[in-house]
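Working through the structure, step by step
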Amino acid sequence: MDQPLLQNEPIGRGTVVDALVARVRADILSGRYPPGSLLPPERALAASYGVTRTSLKHALVRLVQTGLVATKHGVGTRVLDHARLRSLELLPELVMADGPGWFVEIFETRREIGALVVARAAERATAEHHDRLTDLVNRVRTAADPDEAQVAECAIHRLFGEACGNRVYRILVDTLLDAYMPVRALFVRPFSDPPVAAARIAPVVEAVIVGDPADAHQAATMYLAETERMMLGQE
């Protein structure tokens, strides 16, 4: 099914190809150009975004590489089924396009992977990691507002990912947090009182610093479950 041409907001100068890739990718993931449809002809599509055909061609090459589209001479550029992709880099934009549809699965992953990452961090964290974790808990405690506390808490989880010593887990943690950050205002409730938020995560950090993987896993499981309930308004 061909997609009718839609007028797009022009893209400014600068890293035009990067911006164009991001814009077309967002339009695909939001359903503006649904799976199975053909993108408008290159000349018309470039004009609708306010870019040159050369920039558009470069952007389409990159979108082909990510598996979002496929080009065929004489046919055009067809949008593929992104639901079948295995690219973690698309997760933040998928959440932005259809957040509620992803929240249940993201929270499930957060619980299961998060506790495992924390347990590994308890085994492998260095003294430097311990100092940085302590500093971040203090940043949560002394945050000027809930959002600042929330951002500091996210930094703790990123540090757990770094300290766990597993690059795959770190990528998973960072990707989940990248998807979470743009919509974090929806989940700010656990951070409404920064000192209480700090006290809530402190046992997890303490278990990591002590170096007890079992205690760290248990503390993380309890923390992630409690904050999930709060984020979803279940308590």
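A brief structural summary. (Residues numbered from 1 in each chain as written. Predicted model: local features only at pLDDT ≥ 70, side-chain atom pairs only at ≥ 80, totals over all residues. Heavy atoms only, no water.)

What follows deals with the nonpolar core. Among the nonpolar cores identified, the biggest contains 42 residues, and Ile156, Phe160, Val204 and Val208 are the most heavily contacted of them. Elements supplying a minimum of two residues to this core: helix 5 (99–124), helix 6 (127–141), helix 7 (146–163), helix 8 (167–180), helix 9 (194–210) and helix 10 (213–231). Judged by nonpolar contacts, the second largest core, of 18 residues, contains Leu20, Val21, Val51 and Leu56. (Core = buried A, V, L, I, M, F, W, Y, C linked by side-chain atoms within 4.5 Å. Buried < 20%, exposed > 50% of the residue type's maximum accessible area, 1.4 Å probe, protein only. Helix = DSSP H or I, 4+ residues; strand = E, 2+ residues; numbered from the N terminus.)

Attention now goes to the packing of aromatic side chains. In total, this model carries two aromatic pairs according to the counting rule given. Seen in terms of ring centroids, Phe107 and Phe187 are 5.6 Å apart; in terms of plane orientation they differ by 85°. Their pairing is edge-to-face. Highlighted residues: Phe107 in helix 5 and Phe187 in the loop between helix 8 and helix 9, separated in sequence by 80 residues. The burial state of Phe107 is the same as that of Phe187; both residues are buried. Each ring, one from Tyr180 and one from Phe187, has its centre 6.0 Å from the other, and the planes form 20°; the classification is stacked. Neither Tyr180 nor Phe187 differs from the other in exposure class; each is buried. (Phe/Tyr/Trp six-rings, centres within 6.5 Å; stacked < 30°, edge-to-face > 60°.)

Quick look at empty space enclosed by the protein now. Counted under the stated rule, the structure contains one cavity of 30 Å³ or more. Of the pockets and cavities examined, the largest cavity occupies roughly 350 Å³. What lines the largest cavity is a set of 23 residues, and nearest its centre among them are Arg110, His157, Leu176, Leu177 and Tyr180. Element by element, the count of residues in the lining of the largest cavity is highest for helix 5, at nine residues. (1 Å grid on protein atoms, 1.4 Å probe; cavity = no way out; pocket = protein on both sides within 12 Å on 5 of 7 lines; lining within 4 Å. Points joined across faces, edges and corners; volume = space filled by probe spheres on them.)

Function cannot be read off these values alone, since they describe shape.
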